[in-house]
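Descriptive analysis of the structure
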Amino acid sequence: MAAQEIESGTSWGKELWDQFDNLATHTQKGIDFFERFGNFIRDRSAIEVEYALKLRRLVKNYQPKKSKEDEENEFSSLIAFKNVLKEVADLAGQREVVAENLQNQVLQNIMLLSKILREERKKALNQGAGLTQSLHTQIGTLDRAKRSYEKAFREAEKAIESYHKADADFHLSRADVEKQRVNMNIRNSQSEDAKSEYANQLQITNKQQQQHYQIALPEVFNKLQELDEKRTRGMKEFIKRAADVEYEVSPIIARCLEGMVKAADSINEKDDSMIVIEKYQSGFQPPGDIPFEDLSKSDPDASNNSQTHNSSTGLNHMTGKGTTKDKLKKRVGIFGIFTGNKKILEACINVKNNLSTDGLKEDFSDLPPTQRRKKLTAKVQELQQKVAQEQAASDGLMKMKGVYEANSMLGDPRTVEEQLNESVNRLDRLRHELGRYQKLLEQANNQTFIQHSPQSNRVTQNGQRSSRHSNGSSNHENSHEDNGEDHPDDAGSLSSSSASPESGLGTSHTSLPGSGQGSTNEQPMNEEYYEAETPLGTCRALYPFDATSEGSIPMSEGEELQVIEVDQGDGWTRVRRFSSKGWEEGFVPTSYIECTLYA
């Protein structure tokens, strides 16, 4: 028996034979404490789940936004941070594993053992209560037998005394004496029977009491002791199991921490610096030295030009860009060539078609040289991949068609004929586009870039360079400050997408003949008109430019042109030149020329 397995020196049945109520209270408190430990594991598991949830939310909130450009040139610090976020997400997963194992391997077993302990305790207490009640019943029977014996004994004593008195009294008859003797014998007999019953009950009670306190009740107490030790042993095992749950995930957590350290070690500040160079390098050469301007030497031509320019400024209210306010405000339409809204809309559509999905031109000509080569290289690689994919698809269709032609049971070859034709057409278009971009890339690689950056100081005045604003205005000293007027830079400028020569917008109506209502003095375009509109300076073409749309004029590298209107912030400068056809006027890219403005 389980009770016999408990050592006698530590047996509750022997040492605590009279502490039934205290043992019942102690075992109840022990089970309550055990269930409280289970509640602790449950709440801890909930905290682990909440912690994992918050870690995942943290990772989601700080996850860098993805973009195609960032994926191409990712900094090592950004890659390391993404790896750290990944490791933190793995840590969250391990906390979820801890919570799950605490619930499945610890909490459920605690609740199961608690239920078993409560049932065993109830059974043992009911058994002990039954034994105690049986002993109390037997003791009650003994008490009644003893009281019966005591009563019968006293009555027998009275009967004996009555007989002796009757026998000594000579006045009584023999019949009365015999009656007392018979009564005495009856009472003695009853006393003896009660005595025998009392002795019998006493023997039974002593035996039951001995059985109760030495065997039956100690067995119950030992059962209580056993279940209490089982509870204590369960506490020990489940605390260790909870620790083991942590131990099981600790190697993975350690690897996560090692991953964070490895991510930190992967950060290379030099590589990140090179990525910045590759990302923003324009390929332009830095500006050269600013020449010294000797004011002591008189320049009749410069003086005349200055007087003419100042005269124009005074009479025509020239702005800081060298153009009248009326011209800036009327800078819509392309030299009067377009006579209706239909042509303007068509020009806008042409410009839109010449732009890529990211707002850049298809040939990326509006980018600096280095960035343009980079974009062209990426475009060539993209097209090569598309060509390879389309070629593989076309080859597959060809094979399918051949199989169908060889065995008509498998399918009709005409079903793939249309798909094959479409694939061939797509392949031809992709190859044509690939060849075009390869040619553009070859030209970009062969071109020697000596131009200064458009953001640098490249506009010179009488040999001196002055800084330009992003809208194309010149910040030269004392420029239109003597009249005290405000000259807003955005008086006639439009966005780059709507103010380029290709769009047909953003040009002055006063530039070419037939331009309509753009000037107070409307007159046909002739040499006198050009003479009336004084050039703002000269420019030299740094690169050749082919005019691809109306409103722009071509130029060759090194060609000298007159500047009629400086860049209005749209990336184009209005120039004119004299050719075999006479005077020609139009727009050229500002980044393709180097300007020298008159003082």
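Here the structure is a predicted model, which means the values were calculated and not measured.

**Notes on the overall build of the protein chain**
Tallying secondary structure elements over the protein chain gives 13 helices and seven strands in all. In the protein chain, buried positions account for 38% of the 599 residues. For the protein chain, the exposed surface amounts to about 36,000 Å²; the carbon and sulfur share of it is 51%.

**Observations regarding the confidence of the model for the protein chain**
Taken as a whole, the protein chain shows an average pLDDT of 75; of its residues, 72% reach a score of 70 or greater. Low pLDDT (under 50) marks residues 1-5, which in the prediction has four contacts with non-local residues, meaning those over four places away or in another chain. pLDDT under 50 marks residues 302-349. Its contacts with residues more than four places away, or in other chains, come to 108 contacts.

**Observations concerning the pattern of salt bridges**
According to the stated counting rule, one finds 22 salt bridges in the structure shown. Across the salt bridge formed by Asp32 and Arg118, the nearest N and O atoms sit 2.8 Å from each other. With Asp32 in helix H3 (residues 20-61) and Arg118 in helix H5 (residues 76-168), this pair connects stretches of sequence that are 86 residues apart. Judged by its relative accessible area of 29%, Arg118 falls in the partly exposed class. Salt-bridge contacts for Glu96 lead to Arg56; the nearest nitrogen and oxygen are separated by 3.1 Å. Remark: Arg56 occurs in helix H3 and Glu96 occurs in helix H5; sequence separation between them is 40 residues. Through salt bridges with shared partners, a single ionic network connects Arg44, Glu48, Arg95 and Glu246.

**Quick word on the pairing of strand E6 (residues 582-589)**
For E6, the tally of buried residues reaches seven of eight residues, placing the bulk of the element in the interior. Looking at chain direction, strand E5 (residues 572-579) and E6 are connected through eight bridges and run antiparallel. Counterpart to Val575 in the pairing with E6 is Gly586.

**Some details on the environment of Leu427**
Note that Leu427 resides in helix H12 (residues 414-446). Sequence-wise, Leu427 and Ala393 are 34 residues apart; in three dimensions their C-alpha atoms are separated by 9.8 Å. Those residues in contact with Leu427, other than ones at most four positions away along the chain, are Val387, Glu390 and Gln391.

**Re the packing of H3 against helix H6 (residues 174-265)**
Packing of H3 against H6 brings their axes to within 11 Å, and their N-to-C directions diverge by 15°. If you check the angle between H3 and H6, you find them roughly parallel. By crossing handedness, the relation of H3 to H6 is classed as left-handed. Residues Phe20, Leu23, His26, Thr27, Gly30, Ile31, Phe33, Phe34, Phe37, Ile41, Arg44 and Glu48 of H3 form the contact with H6, whose participating residues are Leu217, Phe221, Leu224, Leu227, Asp228, Arg231, Gly234, Met235, Phe238, Ile239, Ala242 and Glu246. Its residues assigned to classes, the contact of H3 with H6 shows 15 nonpolar, four polar and five charged.

**So, the side chain of Glu390**
By the secondary structure assignment, Glu390 is in helix H11 (residues 369-406). Its relative accessible area of 12% is what places Glu390 among the buried residues. Reaching out from Glu390, the side chain makes a polar contact with the side chain of Ser423 at a distance of 2.8 Å. If we skip the residues at most four places from it in the chain, Glu390 touches Ser423, Arg426, Leu427 and Leu430.

**Focus: H6**
In a regular helix each residue adds 1.5 Å, so 92 residues correspond to 136 Å; H6 covers 132 Å between its end C-alpha atoms and thus fits that length. Maximal helix bending in H6 amounts to about 45°, located at His212.

**Quick word on the pairing of strand E4 (residues 560-565)**
Across four bridges, strand E3 (residues 537-541) lies against E4 in antiparallel orientation. From the neighbouring strand, Gly537 faces E4, where its bridge partner is Val563. Relative to E5, E4 runs antiparallel, the two being bridged by three bridges. When the bridges of E5 are listed, Val563 appears paired with Val575. Hairpin geometry of E4 and E5 is characterised by an intervening segment of six residues between the two adjacent antiparallel strands and by a positive phi of about 100° at Gly569.

**A short note on the packing of H3 against H5**
A pair of packed helices is captured by two measures, namely the crossing angle of their axes and the spacing between those axes. In contact at an axis separation of 8 Å, H3 and H5 are set at 165° when each is read in the N-to-C sense. When the axis of H3 is compared with that of H5, the two are roughly antiparallel. In this structure, H3 meets H5 at a crossing whose hand is left-handed. Class assignment for the residues of the contact of H3 with H5 results in 27 nonpolar, eight polar and 10 charged.

**Topic: the nonpolar core**
In globular proteins that are soluble, nonpolar side chains generally tend to be buried together. Judged by nonpolar contacts, the single largest core of 37 residues is most densely connected at Phe34, Ile41, Leu102, Ile110, Phe221, Leu224 and Phe238. Breaking this core down by element, the ones donating at least two residues are H3, H5 and H6. Leu224 has contacts with Trp12, Leu23, Thr27, Arg121, Ala124 and Leu125, leaving out every residue within four places of it along the chain. Leu536, Cys539, Ala541 and Tyr543 belong to the second-largest nonpolar core, a separate cluster that totals 20 residues.

**Points about the environment of Ala159**
Within the element layout of this structure, Ala159 appears in helix H5. Classification of Ala159 by relative accessible area gives buried; the value is 2%. Sequence-wise, Ala159 and Ile186 are 27 residues apart; in three dimensions their C-alpha atoms are separated by 8.7 Å. The residues touching Ala159, leaving out its near neighbours within four places in the chain, are Gln180, Asn183, Met184 and Arg187.

**Here's the deal with the environment of Phe75**
By the element assignment, Phe75 lies in the loop between helix H4 (68-72) and H5. Once the C-alpha coordinates of Phe75 and Ser273 are considered, the two residues, 198 residues apart in sequence, prove to be 8.6 Å apart. Excluding residues that lie within four positions of it along the chain, Phe75 makes contacts with Asp272, Ile275 and Val276.

**Digging into a nonpolar patch on the surface**
Taken together, the side chains of Leu58, Tyr62 and Phe81 present a nonpolar region at the surface, about 300 Å² in accessible area. The topology assignment puts Leu58 in helix H3. Relative accessible area serves as the criterion here: at 41%, Leu58 is assigned to the partly exposed category.

**Digging into the state of the cysteines**
By definition, a disulfide links the sulfur atoms of two cysteine residues through a covalent bond. Within this structure, the stated rule accounts for zero disulfides. Distance from the sulfur of Cys539, which forms no disulfide, to the nearest cysteine sulfur (Cys595) is 5.0 Å.

What counts, and where the lines are drawn
Residues numbered from 1 in each chain as written. Predicted model: local features only at pLDDT ≥ 70, side-chain atom pairs only at ≥ 80, totals over all residues. Heavy atoms only, no water. Helix = DSSP H or I, 4+ residues; strand = E, 2+ residues; numbered from the N terminus. Buried < 20%, exposed > 50% of the residue type's maximum accessible area, 1.4 Å probe, protein only. Areas by Shrake-Rupley, 256 points an atom, 1.4 Å probe, with all protein chains shown as cover. pLDDT = per-residue confidence, 0-100. Contact = heavy atoms within 4.5 Å. Salt bridge = Lys/Arg side-chain N within 4 Å of Asp/Glu carboxyl O. Pairing = 2+ DSSP bridges. Axes fitted to C-alpha atoms, helices over the stretch in contact; angles between N-to-C directions. Parallel < 35°, antiparallel > 145°, perpendicular 65-115°, else oblique. Left-handed = near helix turned anticlockwise from the far one by under 90°. Nonpolar A, V, L, I, M, F, W, Y, C, P; charged D, E, K, R; others polar. Polar contact = N/O pair within 3.5 Å; in protein donor to acceptor, adjacent residues only side chain to side chain. Expected span 1.5 Å × (residues − 1). Bend = angle between axes of the 7 residues up to and from the residue. Core = buried A, V, L, I, M, F, W, Y, C linked by side-chain atoms within 4.5 Å. Patch = residues over 30% accessible without salt bridge, like charges linked within 9 Å, V, L, I, M, F, W, Y side chains within 5 Å. Disulfide = S-S within 2.5 Å.

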